[in-house]
Amino acid sequence: MKIKHFLFTSLIAGITCSSFAQSGNKTIIPEAPGNPVITEKYTADPAAIVHKDTVFLYVGHDQKEPPHHGYEMHEWLIYSSTDMVSWEERAAVNVKETFSWAADDAWASEVIEKDGKFYWFVTVSHKDIHGKAIGIAVADSPVGPWKDALGHALITNDMTTDAKISWDDIDPTIYIDDDGSAHLFWGNTICYYAKLKDNMLELDSEIQYIDLPHFTEAPYVHKKGDYYYLSYAYKFPEKTAYAMSKSITGPWEYKGILNEVAGNSNTNHQSIIEYKGKDYFIYHNGSIPTDGGSFRRSVCVDYLYYNPDGTMKRVIMTSEGVDPAE
Ligand code: CA
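Values in this document were obtained by computation on a predicted structure and should not be read as measured data.

*Asks:* Now, about the overall build of the protein: what can you tell me, with residues and values included?
*Replies:* Tallying secondary structure elements over the protein gives two helices and 22 strands in all. The C-alpha radius of gyration of the protein comes to 21 Å, within 12% of the 20 Å expected for a compact globule of 326 residues. In terms of its C-alpha atoms, the protein occupies a principal-axis envelope of roughly 70 × 45 × 40 Å. Expressed as a percentage of the 326 residues in the protein, the buried residues total 55%. The contacts in the protein between residues at least 6 apart in sequence include a share of 48% that link residues at least 24 apart. Accessible surface, the protein as shown: approximately 15,100 Å² in total, 52% of it carbon and sulfur. Both charge centroids of the protein, one from 28 positive and one from 46 negative side chains, sit 4 Å from each other.

So, in structure tokens, the structure goes:
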């Protein structure tokens, strides 16, 4: 009670203490920690990796000026954190400057490390082949500098023709299994799967389909203990659902909803990591006042918990977010 009383008195009197800054007569209370974790820019489609005790977060940058609607994303942003609470912007990577064959559109992406190199699989629009496409940038560090690894797309819309839309070849996710084999999943309305060659730059199998109930997009694969988890955006507006398997190649058994529709964002895109002994669910909502929404999204972090049988507990989205990881 005494502490509370002191704080209250301090605020009334405008007394400066270390956590408050003075601006003229106004006391500025620093932004409370919590969700969204990034508030100075609109960020979407999070993909996170852990590298040498640091978390690197790759996001799209929603750049549509309010009150206009629609996706306008010309660059990806890279953030890093060592506590999951404070995030520092490390780099901005422009689509057209990185991929000469891309028209624009920094859509969902994912990075994976292999043999000391970082491979960044990205969704863009193709300049010459109608529709979305998947490209790969490569770097020697998790923040870059990034170079187009192929000089052309890995996946183009015309390689998959059963989906009668031009945006079915999006949202790549990559998983490297314990035996070193690399696996690529992507898709919208159809969940596509192919094996990757050791060089990470070529397909090593036919493109296959994975049957998942109400699959919309945003597949993401991770492993915990003996189980592989394939989570994805489910229905629309999107919830996150998931399936489990004992093998990276399936069969995948549907397990239900992992996260509900997030805030006022009709899409979602999850990333799941373990860091300093805790499990995290990283996603986006549209909760930055007052212009946040489906086209001005923001990345959030909450805890993820597993049941003893390996299934995942439904995520509880919070305003408070997570405590600093130690
Ligand atoms: Ca296609």
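*Asks:* So what's going on with the nonpolar core? Residues and values would help.
*Replies:* Among the nonpolar cores identified, the biggest contains 34 residues, and Leu57, Met84, Trp87, Ile273 and Tyr280 are the most heavily contacted of them. Listing elements by their share of this core, those giving two or more residues are strand E4 (54–61), strand E5 (75–81), strand E18 (239–245), strand E20 (271–275), strand E21 (278–285) and strand E22 (298–303). Every residue in contact with Trp87, bar those within four places of it in the chain, is listed here: Val37, Ile38, Val55, Leu57, Tyr79, Ser80, Ser81 and Val301. Formed by 27 residues, the second largest nonpolar core is a distinct cluster that contains Phe99, Ala106, Phe118 and Ala133.

*Asks:* Lay out the coordination of the calcium ion with the relevant residues and their values.
*Replies:* The protein atoms that coordinate the calcium ion are Asn157 (O), Asn157 (OD1), Thr160 (O), Thr160 (OG1), Asp168 (OD), Asp168 (OD) and Asp169 (OD), at distances spanning 2.3 to 2.6 Å. Site description for the calcium ion: donor spacing in sequence, N-x2-T-x7-D-D. Accessibility assignment for this pair places Thr160 and Asp168 in one class, buried.

*Asks:* Before we move on, could you go through the packing of aromatic side chains and cite the residues and values that matter?
*Replies:* In this description, a pair of aromatic rings is defined by centroid distance and the angle of the planes. By the definition in use, this model includes 20 aromatic pairs. Measuring from centroid to centroid gives 5.8 Å for Tyr175 and Tyr228, while their planes differ by 80 degrees, and the two rings are edge-to-face. With Tyr175 in strand E12 (residues 173–176) and Tyr228 in strand E17 (residues 227–234), the pair connects residues that are 53 residues apart, well separated along the chain. Seen from their ring centres, Phe185 and Trp252 are 6.4 Å apart, and the 80 degrees between their planes marks the pair as edge-to-face. Taken as a pair, Phe185 in strand E13 (residues 182–186) and Trp252 in the loop between E18 and strand E19 (253–259) lie far apart in primary sequence, 67 residues in all. The residues Phe185 and Trp252 share a single accessibility class, namely buried.

*Asks:* Quick rundown of the pattern of salt bridges? Include the residues and the values.
*Replies:* Evaluation of the coordinates by the stated rule reveals 14 salt bridges. Where Lys223 meets Asp178, a salt bridge forms, and the shortest distance between an N and an O atom there is 2.7 Å. In this pair, Lys223 is assigned in strand E16 (residues 215–224) and Asp178 in the loop between E12 and E13, connecting sequence segments 45 residues apart. Residue classification places Lys223 among the partly exposed residues on the basis of a relative accessible area of 27%. Here Glu202 ties to Lys197 by a salt bridge, and the two come within 3.4 Å at their closest N and O atoms. Taking the relative accessible area as the measure of exposure, Glu202 reaches 35% and is therefore partly exposed. Each of Asp45, Asp62 and Arg297 takes part in a single network of salt bridges with overlapping partners.

*Asks:* Please give an account of the sheet that holds E22 that cites residues and values.
*Replies:* Spatially, the three strands line up as an open sheet ordered E20-E21-E22, and their pairing is antiparallel. Looking at which strands have only one partner, the edges of the open sheet turn out to be E20 and E22. Within this sheet the neighbouring strands show an average axis-to-axis angle of 30 degrees, counted without direction. Two elements, E20 and E21, share five bridges in a ladder whose sense is antiparallel. Bridge pairing in E21 places Ile273 opposite Tyr280.

*Asks:* Would you mind going over unusual backbone geometry in detail, with residue names and values included?
*Replies:* Across the junction of Asn35 and Pro36, the peptide omega takes the value -5 degrees, indicating a cis bond. Note that Pro36 resides in the loop between strand E2 (26–28) and strand E3 (43–51). Cis peptide bonds are those with omega within 30 degrees of zero, and the linkage from Gly144 to Pro145 qualifies with 5 degrees. Its place among the elements puts Pro145 in the loop between strand E9 (132–139) and strand E10 (147–148).

What counts, and where the lines are drawn
Residues numbered from 1 in each chain as written. Predicted model: local features only at pLDDT ≥ 70, side-chain atom pairs only at ≥ 80, totals over all residues. Heavy atoms only, no water. Helix = DSSP H or I, 4+ residues; strand = E, 2+ residues; numbered from the N terminus. Rg over C-alpha atoms; globule rule 2.2 N^0.38 Å. Buried < 20%, exposed > 50% of the residue type's maximum accessible area, 1.4 Å probe, protein only. Contact = heavy atoms within 4.5 Å. Areas by Shrake-Rupley, 256 points an atom, 1.4 Å probe, with all protein chains shown as cover. Lys, Arg positive; Asp, Glu negative; His and termini not counted. Charge placed at Lys NZ, Arg CZ, Asp CG, Glu CD. Core = buried A, V, L, I, M, F, W, Y, C linked by side-chain atoms within 4.5 Å. Donors = N, O, S within 2.8 Å, 3.2 Å for Na, K, Ca; no water. Phe/Tyr/Trp six-rings, centres within 6.5 Å; stacked < 30°, edge-to-face > 60°. Salt bridge = Lys/Arg side-chain N within 4 Å of Asp/Glu carboxyl O. Pairing = 2+ DSSP bridges. Axes fitted to C-alpha atoms, helices over the stretch in contact; angles between N-to-C directions.

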